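Secondary and tertiary structure notes
Read off the chains here:
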Amino acid sequence: MAYDFQVVIDTGDPHPLADWWADALGWKVEQQDEAFIRSMIEKGYATDDETTRHNGALVWKSGAAIRHPDGLERAPRVLFQLVPEPKTVKNRVHLDVRVGADNIESVVERLTAKGAKVLHRGRQGPNWWITIADPEGNELCVT
C-alpha cells in the first residue's frame, strides 16, 4: 500500500516562513478559517494563547502550510511547524527547487533579495546548482 505524505519544516515563526516559501516556489499559503478557530476557542477546544494574527487574520500560532496551486495531486503539502529551539546544524534532508539551468542565477538573486543566503555552488558533470539557506537557515538547492 502506498501512502501520501507532507513535508514538515520546523521553524521559530511559521507564518512569515510559509509566506517566503510560497513566494519562492510560486505556491499558495493555505488560508486558515478564522470562524472555525473562534468556534474551537468558544467550545473550549483551544485558547486565545494558541492563536496569533498574521496579515490581519486570526491564525493558529503553531503552524502554517503551503501547497502547489494545482493541488495536492501535483505535489505534497509543506507544513511549517512552530518549535521552541532555533536551527543549530545542517539539514539532513533538503528540497531541490528545479527552475532550469537558464533561471538559476535570477531565482537565487530574487530569493537572496528576500532574505536567503548563498551557501555554495555545486557541479556534477553537466549539472550545476546553488545551495542557499532560507531566512531561518534551512538549506535548499536551486537547480
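Computed from a predicted model, the values in this text were never measured in an experiment.

Tallying secondary structure elements over the chain gives 3 helices and 10 strands in all. The dimensions of the chain, computed from C-alpha atoms along their principal axes, are 60 × 35 × 30 Å. If you take every contact in the chain between residues at least 6 apart in sequence, the share linking residues at least 24 apart comes to 56%. Of the roughly 9,300 Å² of accessible surface on the chain, 51% is carried by carbon and sulfur atoms.

With that settled, the discussion passes to the sheet that holds strand β2 (residues 28-29). Spatially, the 4 strands line up as an open sheet ordered β1-β6-β5-β2, and their pairing is mixed. On the outer flanks of this sheet lie β1 (7-11) and β2, each paired with one strand and no other. Inspection of the sheet shows strand β5 (residues 63-67) paired to strand β6 (residues 78-82) by 4 bridges, in the antiparallel sense. Its bridge partner being in β6, alanine 65 is matched across the sheet by leucine 79. Along the sheet face, helix α1 (residues 14-25) touches β1, β2, β5 and β6 and points at about 10° away from the line of β5.

Buried within helix α2 (residues 34-42) we find Ile37, Ser39 and Met40. Burial along α2 is one-sided: seen end-on, the buried residues are contained in an arc of 160°. Across α2 from its buried face, at more than 90 degrees, point the exposed residues Ala35 and Glu42. On the buried face of α2, the contacting elements are β3 (51-54) and β4 (57-60).

The next point concerns the pairing of β3. Judged from the 4 bridges that link them, β3 and β4 form a sheet pairing that is antiparallel. Residue pairing for β4: histidine 54 is matched across the bridge by alanine 57. Connecting β3 to the antiparallel partner β4 that follows it, the hairpin turn spans 2 residues, and asparagine 55 within it adopts a positive phi of roughly 50°.

Right, let's get into the packing of aromatic side chains. For the coordinates displayed, the defined rule picks out 1 aromatic pair. Ring centres 5.5 Å apart and planes at 75° place the aromatic pair tryptophan 20 and tryptophan 21 in the edge-to-face group. A relative accessible area of 8% means that tryptophan 20 is categorised as buried.

Parameters at a glance
- Residues numbered from 1 in each chain as written.
- Predicted model: local features only at pLDDT ≥ 70, side-chain atom pairs only at ≥ 80, totals over all residues.
- Heavy atoms only, no water.
- Helix = DSSP H or I, 4+ residues; strand = E, 2+ residues; numbered from the N terminus.
- Contact = heavy atoms within 4.5 Å.
- Areas by Shrake-Rupley, 256 points an atom, 1.4 Å probe, with all protein chains shown as cover.
- Pairing = 2+ DSSP bridges.
- Axes fitted to C-alpha atoms, helices over the stretch in contact; angles between N-to-C directions.
- Buried < 20%, exposed > 50% of the residue type's maximum accessible area, 1.4 Å probe, protein only.
- Arc of directions from axis to C-beta.
- Phe/Tyr/Trp six-rings, centres within 6.5 Å; stacked < 30°, edge-to-face > 60°.

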